[in-house]
Amino acid sequence: MGSVPSTPRKSGTFSPETAEYLIGTFVDDQPFPLSSEFWQKLLELPLNVQWPAQRVQQACELLAKNNCHTRHLAKILFHLACCLQESVSSSGVSPLVYEKAVNALYFSSIFLKYLIESVQGNIQLYLSLEDNEAVLKDVLRDQSIENFVMRNVLNFIASVEVSPDTFLLHLELLNFMIIAMSTQLLCGSSPGPNDVNPFLDAAMAQDSSLIGSVVRKLLLNFMMRSDVPFNRATYSILSDGSQSSVLQRVGSAAANIVLFPFSYFVSSSGEGSKSPIADISIHVLLVLVHYHKCVVREDYVNDKSSTSDFLLKEDSQFSDNPYCKALEHAIDCELDRVDIEGNAHSARHIKLPFALLFDTLGICLADEAAVLLLYSLLQGNSAFLEYVLVRTDLDTLLMPILEALYNASTRTANQIYMLLIILLILSQDSSFNASIHKLILTGVPWYKERLLHQTSLGSFMVVILIRTVQFNLSKLRDVYLQTTCLATLANMAPHVHRLSAYASQRLVSLFDMLSRKYNKLAERGDNKLHTAKGNSFEGNNLVEDMSTELHIYTDFLRLVLEIINAILTYALPRNPEVVYAIMHRQEVFQPFKNHPRFNELIDNIYSVLDFFNSHMDAQRENGDWSVNEVLQVIIVNCRSWRGDGMKMFTQLRFTYEQESHPEEFFIPYVWQLVLSHCGFSFNTGAINLFPVDLQTEGLENRVVGSTFQNGDFDKPEYQLDP
């Protein structure tokens, strides 16, 4: 691809040589002005000819070398924006306009991606154009290229409906957005003031009305889940025959430099994706919603004595994210209601079909991106949370969540934690805790340990949460995951209604399992301390390590006792199976009767045991009692239970709050999800956002809740709920 004449030759048809000629001209060192006929010929080029991946790599390298002089990347982006303007403004748009826009997207995506992932040091995309470009004054005015492009990309997405004619263009625009925003992969895990994200910053700078429309459209894409509206075999660029197109060859694994639509239609398992637009729409939305731009405080700029190249976490400031705000202010389009102050909802509120969103999330929660979207909605949008809580079919959301937790061994630790946080957020509402026990499941075919028939959703949720605790203790050993499970159970406990026999048994077994672990730790600590007592330094370290782990299990044990106490204190008459399970395994509580951290809670349990044991003895006859006979006695005496001798404890209520810097988790997490599903790879050597060869570390969000009146969690993350 050496030097080429300044004017490409004209021809009514395009041959393979002409395609190579025009692309060679595009990447060469001779600049073409925006008004040149060359750009129209390039954009009208049918991309259905073969071109080896090696030549594509060479073309990208040449453009990277010459772009600082030619500014051809900025110029192809400019023409892309103009094509999109024409596609939106024209009535009865011809297919040629869409084809030119798709071609501009292909070229832009190929070379922009290569420039981003091949950057050495500071990223330089050379997006500015020469002042002597006459066309700029009429079109750009005072806009930057990146702002001009993003405004038109977002405007097309928001205003043009997905149809058979526009499907491919919509898909490639979303692909382009992922590539344009991938500059974030070059940044560190914590956003800094020197991060360079020109297209993301341009997206944030758009009018609030456009941003709201984009958020709404991306969510509608996710909900509508449009199928591919054509037979891909009729489209040459999507053909998987022997005659590979330019972009297919470019998209080969060897080239590793391009995004092309074929990968969205054929998954690694060979099964076609039914809704590629829905999938990538949710990824684009998550990137936009969780973006945080770090800005330098004025006092930091004026501090001449500062020699640091970065801001301390405590000094970091972030500009508002308008996409996050739009998502938080979304309301149900079915309700034209007035807010608490009596004011009609302003135009800043986007309207969405919450019913369809609820149902769509229910069928998509096997996907981590859908889980993260549900979390974002429940955590940030009070209107959607309120809508979910009043639904009578909560199993639509809860059963996919519980199934994912049941299969925790096949899920990432972060996905498990997000699912548990969703349950914790929901359990903060007393009506939720009451309603889940009224919904009866006829059966759960995927639960293999036991045949479940006519069990309540609440009972099943208790079973799965306890199972998750056991899984975590044996595999993940994550303290915060454990606490989230137990905090959710604690929120549910006072509202438990007719807990099933199986769930009741599992609850007592959970205490038994934790108590045995606690006793082993205490015994091991004593043995190691005795062994190391000759070395004071080593002994002190052992004491500290064993004391920390023992303290954690002490807190876990106490929390389980709090859960059992809450059921016995506030809901005993409605839960005879819990009483039966405690009576059946009452020996497991005996060793802790005199423990200073547990004695008051154990005393309450023995008040219940004494009451029911005495009634059992009074009615006992010769011979053994059957389970049903014992249960019947318990049910009868539950009616006369008055709670005499029970000590009342403050009812526990745990709430979830994000850490002060949630972006340190969510930005890397979102991009890991995007890269694992987007259909193209990124140069791993250029990724600084997260360690490529390691799993993401534990989620940095915490549970905050009520302190324990008797033996608090000595951790700053736990706060008293007002």
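Just so we're clear, the structure is a prediction, and the values are computed from it rather than from any experiment. (Residues numbered from 1 in each chain as written. Predicted model: local features only at pLDDT ≥ 70, side-chain atom pairs only at ≥ 80, totals over all residues. Heavy atoms only, no water.)

Check the secondary structure of the chain and you find 29 helices and eight strands. Burial analysis of the chain (722 residues in total) assigns 53% to the buried set. Of the contacts formed within the chain by residues at least 6 apart in sequence, a portion of 76% connects residues at least 24 apart. Here the chain displays about 32,000 Å² of accessible surface, and carbon together with sulfur accounts for 48% of that area. (Helix = DSSP H or I, 4+ residues; strand = E, 2+ residues; numbered from the N terminus. Buried < 20%, exposed > 50% of the residue type's maximum accessible area, 1.4 Å probe, protein only. Contact = heavy atoms within 4.5 Å. Areas by Shrake-Rupley, 256 points an atom, 1.4 Å probe, with all protein chains shown as cover.)

Moving on, we come to the confidence of the model for the chain. Here the chain averages 82 in pLDDT, while 77% of its residues score no lower than 70. Counting interchain partners and residues more than four positions distant, the pLDDT-below-50 stretch residues 338-342 has three contacts. (pLDDT = per-residue confidence, 0-100.)

A side chain of one charge can pair with a side chain of the opposite charge if their charged atoms are brought near each other. The full count for this structure, using the stated rule, is 14 salt bridges. As a salt-bridge pair, Asp279 and Arg225 come within 3.6 Å of each other at their nearest N and O atoms. With Asp279 in helix H13 (residues 276-289) and Arg225 in the loop between helix H10 (208-224) and helix H11 (246-250), this pair connects stretches of sequence that are 54 residues apart. When its relative accessible area of 23% is taken as the criterion, Arg225 is described as partly exposed. Salt bridges sharing partners connect three or more residues here, namely Asp512, Arg516, Arg585 and Glu587. (Salt bridge = Lys/Arg side-chain N within 4 Å of Asp/Glu carboxyl O.)

One finds Leu288, Tyr323, Tyr447, Phe460, Phe589, Phe612 and Trp671 to be the most contacted residues of the largest nonpolar core, which totals 241 residues. Broken down by element, the residue count for this core peaks at 14 residues, all from helix H5 (residues 95-117). Apart from residues lying up to four places away in sequence, Trp671 is in contact with Ile178, Met181, Ser182, Gln184, Leu185, Val287, Leu689 and Phe690. (Core = buried A, V, L, I, M, F, W, Y, C linked by side-chain atoms within 4.5 Å.)

A few words now on the packing of aromatic side chains. Counted by the stated rule, this structure contains 29 aromatic pairs. Here a set of aromatic residues connected by ring pairs shows up, and it is made of Phe26, Phe32, Phe38, Trp39, Phe107 and Phe111. Stacked on the ring of Tyr606, the Lys or Arg Lys593 has its end atom at 4.0 Å from the ring centre. (Phe/Tyr/Trp six-rings, centres within 6.5 Å; stacked < 30°, edge-to-face > 60°. Lys NZ or Arg CZ within 6 Å of the ring centre and 35° of its normal.)

In this section: the environment of Cys187. Within the secondary structure, Cys187 sits in the loop between helix H8 (167-181) and helix H9 (198-204). The buried category is assigned to Cys187, whose relative accessible area is 7%. Considered as a pair, Cys187 and Leu689 are 502 residues apart in the sequence and their alpha carbons are 5.4 Å apart. Those residues within four positions of Cys187 in sequence are excluded, and the remaining contacts are Asp195, Val196, Asn197, Asn688 and Leu689.

A word on the side chain of Thr183. As for its placement among the helices and strands, Thr183 is situated in the loop between H8 and H9. According to the relative accessible area criterion, Thr183 is buried, its value standing at 0%. The contact partners of Thr183, leaving out residues within four places of it in the chain, are Ile116, Ile123, Val196, Asn197 and Pro198.

The contact between helix H16 (residues 354-364) and helix H18 (residues 382-390) brings their axes to 11 Å, and the two run at 70°. When the interaxial angle is binned, H16 and H18 end up roughly perpendicular. Of H18, the residues touching H16 (which contributes Phe354, Ala355, Leu357, Phe358 and Leu361) are Ala383, Phe384, Tyr387 and Val388. (Axes fitted to C-alpha atoms, helices over the stretch in contact; angles between N-to-C directions. Parallel < 35°, antiparallel > 145°, perpendicular 65-115°, else oblique.)

So, on to unusual backbone geometry. Excluding glycine, residues mostly have negative phi values, and the peptide bonds linking residues are mostly trans. Although it is not a glycine, Tyr126 adopts a positive phi angle of roughly 50°. Mapped onto the fold, Tyr126 is located in the loop between H5 and helix H6 (134-139). A positive phi is found at Gln454, a non-glycine position, where the angle reads about 55°. With respect to the helices and strands, the residue Gln454 is situated in the loop between strand S5 (440-441) and strand S6 (455-456). Overall, Gln454 belongs to the partly exposed group, its relative accessible area being 47%.

Our focus in this paragraph is the environment of Asp207. Checked against the element boundaries, Asp207 lands in the loop between H9 and H10. What makes Asp207 exposed here is its relative accessible area of 56%. Between the C-alpha atoms of Asp207 and Arg151, which are 56 residues apart in sequence, the distance is 9.0 Å.

Let's shift gears to helix H27 (residues 599-619). In this model H27 runs 30 Å from its N-terminal to its C-terminal C-alpha over 21 residues, within 8% of the 30 Å that 1.5 Å per residue would give. Every buried residue belonging to H27 is among Leu601, Ile602, Asn604, Ile605, Tyr606, Ser607, Val608, Leu609, Phe611, Phe612 and Met616, and all of these are buried. (Expected span 1.5 Å × (residues − 1).)

With that settled, consider the side chain of Lys113. Inspection of the secondary structure puts Lys113 in helix H5. Judged by its relative accessible area of 1%, Lys113 is buried. Among the polar contacts made by the side chain of Lys113, one reaches the main-chain carbonyl oxygen of Ser681 at a distance of 2.8 Å. (Polar contact = N/O pair within 3.5 Å; in protein donor to acceptor, adjacent residues only side chain to side chain.)

Counting through the fold element by element, Ser109 comes out in helix H5. Not counting residues up to four positions away in its chain, the partners in contact with Ser109 are Phe176 and Ile179.

Running from N to C, helix H4 (residues 72-89) and H8 point in directions that differ by 145°, and their axes come no closer than 14 Å. H8 is crossed by H4, and the crossing has left-handed handedness. Contacts from Leu77, Leu80, Leu84 and Ser87 of H4 reach H8 at Leu169, Leu173 and Phe176. Residue composition of the contact of H4 with H8, by class: six nonpolar, one polar and no charged. (Left-handed = near helix turned anticlockwise from the far one by under 90°. Nonpolar A, V, L, I, M, F, W, Y, C, P; charged D, E, K, R; others polar.)

A word on helix H29 (residues 663-677). If you check H29, its first and last C-alpha atoms are 21 Å apart, about what 15 residues at 1.5 Å a residue would give, namely 21 Å. Burial analysis of H29 places eleven of its 15 residues in the buried class, which makes it a mostly covered element. Summarising the contacts, the buried residues of H29 are in contact with H8, H13, strand S2 (317-318), helix H17 (368-380) and helix H20 (413-427). Just downstream of H29, Gly679 is the residue with a positive phi angle, here 90°.

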